[in-house]
Amino acid sequence: MPSLPFQSSGWHGRVASDDWARLFHELDAWLAANPGTMVVHYDSRDVRRIDTPLGVIYLKDIRALTDAGMHRKELFSWLKWVCRPSRALETWEASQALLEKGFLCPPPVLAVRRRVGGIPQDIFVSAEVPLPNLWDVLPDVFTDSTLAEFLADELRNLHQAGFVHGDCILRNLCFDDSRKQLVYLDNDRTWLPPAILRKHLQRRNLAQMAYSILKRFGEEASRHFLEHYAKAARWPSGSALQSILAAAQERLRKKRQKTPLSPFPQE
């Protein structure tokens, strides 16, 4: 996927095309004039949906790894953010790698970083995927069991290509009916880890998905997802699957103790 170098007001990074470069030419002024709609807000990061002449975009403004790190309450988190490479540019590279391997994700538009007083700030912009996420609404082609098998097969394909997703839950997945594939959202922690870490991180993806399915559809669908993945991938073992499912159940139990149950639970 082609990209161009980009610089503006101390920001440095990559942009998708000349048209986008012209739109963001004076990036600070453009950001001030286009606040968009806030989707997610934390002290350490914002996500905004913005309508532009070139299409709808999602803009992630990352100011720290965690809120506690931003307020110097977690020194390691703060130091890691100050010293680490640009997360925006890493997300760009991960998105490109996914697309080049035939997986679907929001096309990257802009990835930039600048430092003020030595403290980095990253901005990552991607094009909108005009599809509902799998938590909010599911296509009619799926039942609970066929969805579990489809998710298991798609995640196995992702893992066999060497990728792990940073937060593999139903809210971060869409279904592209025309291609019969998942669309992977929120890729700022998606990467191709070294072989020594791969199985550990893939198991974490399984745990994330098992919990999300358990919360949305119940134990049978979650168990079916894990068993179908294990049969196709020839790992993890049965005892490991039981451990993952038990951990997901315990996590859900604790969450429900803290939050009153609703007929329409939120992720």
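Structure's up top.
For every chain, the first residue of its written sequence is number 1, and the numbers climb from 1 along that sequence. pLDDT decides what is reported in this predicted model: residues at 70 or higher carry local features, side-chain atom pairs at 80 or more are listed and counted, and totals for whole chains, interfaces and linings draw on all residues regardless. For the side-chain quantities, the full set of heavy atoms in the structure was used; hydrogens and water were omitted.

Enquirer: Quick question: what am I supposed to make of the packing of aromatic side chains here?
Expert: Two descriptors summarise a pair of aromatic rings, namely the distance from one centre to the other and the angle between the planes of the rings. Only centres within 6.5 Å qualify two rings of Phe, Tyr or Trp (six-membered ring in Trp) as a pair; their planes then separate them into stacked at under 30 degrees, edge-to-face at over 60, and tilted for everything else. Scanning the model with the defined rule gives 7 aromatic pairs in all. Measuring from centroid to centroid gives 5.6 Å for Trp20 and Phe24, while their planes differ by 15°, and the two rings are stacked. Residue Trp20 is classed as buried on the basis of its relative accessible area, which comes to 11%. Aromatic side chains Phe150 and Phe175 sit 5.3 Å apart centroid to centroid with 90° between the ring planes, which places their arrangement in the edge-to-face category. Note that Phe150 is positioned in helix 6 (residues 144-160) and Phe175 in strand 8 (residues 173-176), a separation of 25 residues in sequence. Side by side, Phe150 and Phe175 carry an identical accessibility label, which is buried. Members of the aromatic cluster, connected to one another through ring pairs, are Trp20, Phe24 and Trp30. Each ring is checked for a lysine NZ or an arginine CZ that lies within 6 Å of its centre and within 35 degrees of its normal; such an atom marks a charge sitting over the ring. When the ring centre of Tyr211 is taken as reference, the NZ or CZ atom of Arg251 above it lies at 3.7 Å. Only protein chains enter the accessibility calculation, which uses a 1.4 Å probe; a residue is then buried when its area is under 20% of its type maximum, exposed when over 50%, and partly exposed in between. Strands here mean DSSP runs of E at least two residues long; helices mean DSSP runs of H or I at least four residues long; both are numbered from the N terminus.

Enquirer: Would you explain the side chain of Asp188 in this entry?
Expert: Relative to the helices and strands, Asp188 resides in the loop between strand 9 (181-184) and helix 7 (195-217). In protein, a polar contact requires one atom able to donate a hydrogen and another able to accept it; more generally it is a pair of N or O atoms within 3.5 Å, and residues adjacent in sequence count only if both atoms are side-chain atoms. At 3.2 Å, the side chain of Asp188 and the side chain of Arg45 are in polar contact. Engagement of the side chain of Asp188 in a polar contact is seen with the side chain of Lys60, the distance being 3.4 Å. Contacts are assigned to residue pairs that have any heavy atoms within 4.5 Å of one another. Setting aside its immediate chain neighbours within four residues, Asp188 contacts Arg45, Lys60, Ile62, Arg87 and Thr91.

Such coordinate-based values are descriptive only and should not be taken to indicate function.
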